[in-house]
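Structure assessment
Chain by chain, the residues run as shown.
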Amino acid sequence: QVHLVESGGGLVQVGGSLRLSCAASGSIFTSNVGWYRQAPGKQREFVAAITSGGTTNYADSVKGRFTISRDNAKNTVYLQMNSLKPEDTAVYYCNVYPYMGRSWWGQGTQVTVSS
């Protein structure tokens, strides 16, 4: 199994920046990694993903503001979030797939953007 720990969330003002980290307990260099978020009362939604080969994909709502990257030597994936908006407020989760044939989720980190 793999244990995923998200960090870097917090309270930030509109227009500010945060960098989230997703640290894996095992080697994930052959896995794809995605960031998702869930706001209160809403379904979890896709934010960004990076393949094992480094190809990235973003939700339209974050394109040009968020950047996903990975450091395979550290088994860590990052989400740099700039120009934050109140609608970015959510719990952010990272997801690794496939790893040992299945998908894995972290416990989430809260991001709150205040206006």
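So, here is what we can say about the structure in this document. All chains use their own residue numbering, which begins from 1 and follows the written sequence. Residue-level local features of this predicted model are given only where pLDDT is at least 70; pairs of side-chain atoms are given and counted only at 80 or more, and the full residue set underlies all totals for whole chains, interfaces and linings. Neither water nor hydrogens contribute to the side-chain values; these are computed over all heavy atoms in the structure.

Once that is clear, we can look at the overall build of the protein chain. Secondary structure summary: the protein chain contains zero helices and eleven strands in total. Its helices and strands in sequence order give the protein chain the pattern β-β-β-β-β-β-β-β-β-β-β, from N to C terminus. Over its C-alpha atoms the protein chain spans a radius of gyration of 13 Å, differing by no more than 12% from the 13 Å that the globule rule assigns to 115 residues. For the protein chain, the spread of C-alpha atoms along the three principal axes comes to 40 × 25 × 20 Å. Going through the 115 residues of the protein chain one by one, you find that 45% of them count as buried. Between two residues, a contact is recorded if the distance between any of their heavy atoms is within 4.5 Å. The contacts of the protein chain with a sequence gap of at least 6 include a subset with a gap of at least 24, amounting to 54%. We get accessible surface area from the Shrake-Rupley algorithm with a probe of 1.4 Å; when it comes to residues, only the shown protein chains can shield them. When the accessible surface of the protein chain is totalled, it reaches about 5800 Å², and 49% of it is carbon and sulfur. A run of H or I in DSSP counts as a helix once it spans at least four residues, and a run of E counts as a strand once it spans at least two, with each numbered from the N terminus. The reference for a compact globule is 2.2 Å times residues^0.38; the radius of gyration itself is calculated from the C-alpha atoms. To sort residues, take the accessible area from a 1.4 Å probe on protein chains only and compare it with the maximum for the residue type: under 20% means buried, over 50% means exposed, and anything in between is partly exposed.

When a carboxyl oxygen of Asp or Glu lies within 4 Å of a side-chain nitrogen of Lys or Arg, that pair is called a salt bridge. Taken as a whole, this structure holds four salt bridges when the rule is applied. For the salt bridge of arginine 37 with glutamate 45, the shortest nitrogen-to-oxygen distance reads 2.6 Å. Take arginine 37: its relative accessible area is 6%, and that puts it in the buried class. Here glutamate 45 falls in the partly exposed class, since its relative accessible area comes to 36%. Note that aspartate 88 is salt-bridged to arginine 65, the shortest N-O span being 2.7 Å. In this pair, aspartate 88 is assigned in the loop between β8 (76-81) and β9 (90-99) and arginine 65 in the loop between β6 (56-58) and β7 (66-71), connecting sequence segments 23 residues apart. Note on accessibility: aspartate 88 and arginine 65 belong to one class, buried. Connected through salt bridges with shared partners, the residues Arg37, Glu45, Arg65 and Asp88 form a single ionic network.

Right, let's talk about the pairing of β7 for a bit. Along β7, the buried face is formed by Phe66, Ile68 and Arg70; none of Thr67, Ser69 and Asp71, which line the opposite face, is buried. In this scheme, strands are said to pair when DSSP sees at least two bridges between them. As paired elements, β7 and β8 share six bridges and run antiparallel to each other. The partner of serine 69 across the bridge, within β8, is tyrosine 78. Taking the residues that link successive antiparallel strands as the turn, the β7-β8 hairpin has four residues, and the phi of asparagine 75 there is positive, at about 50 degrees.

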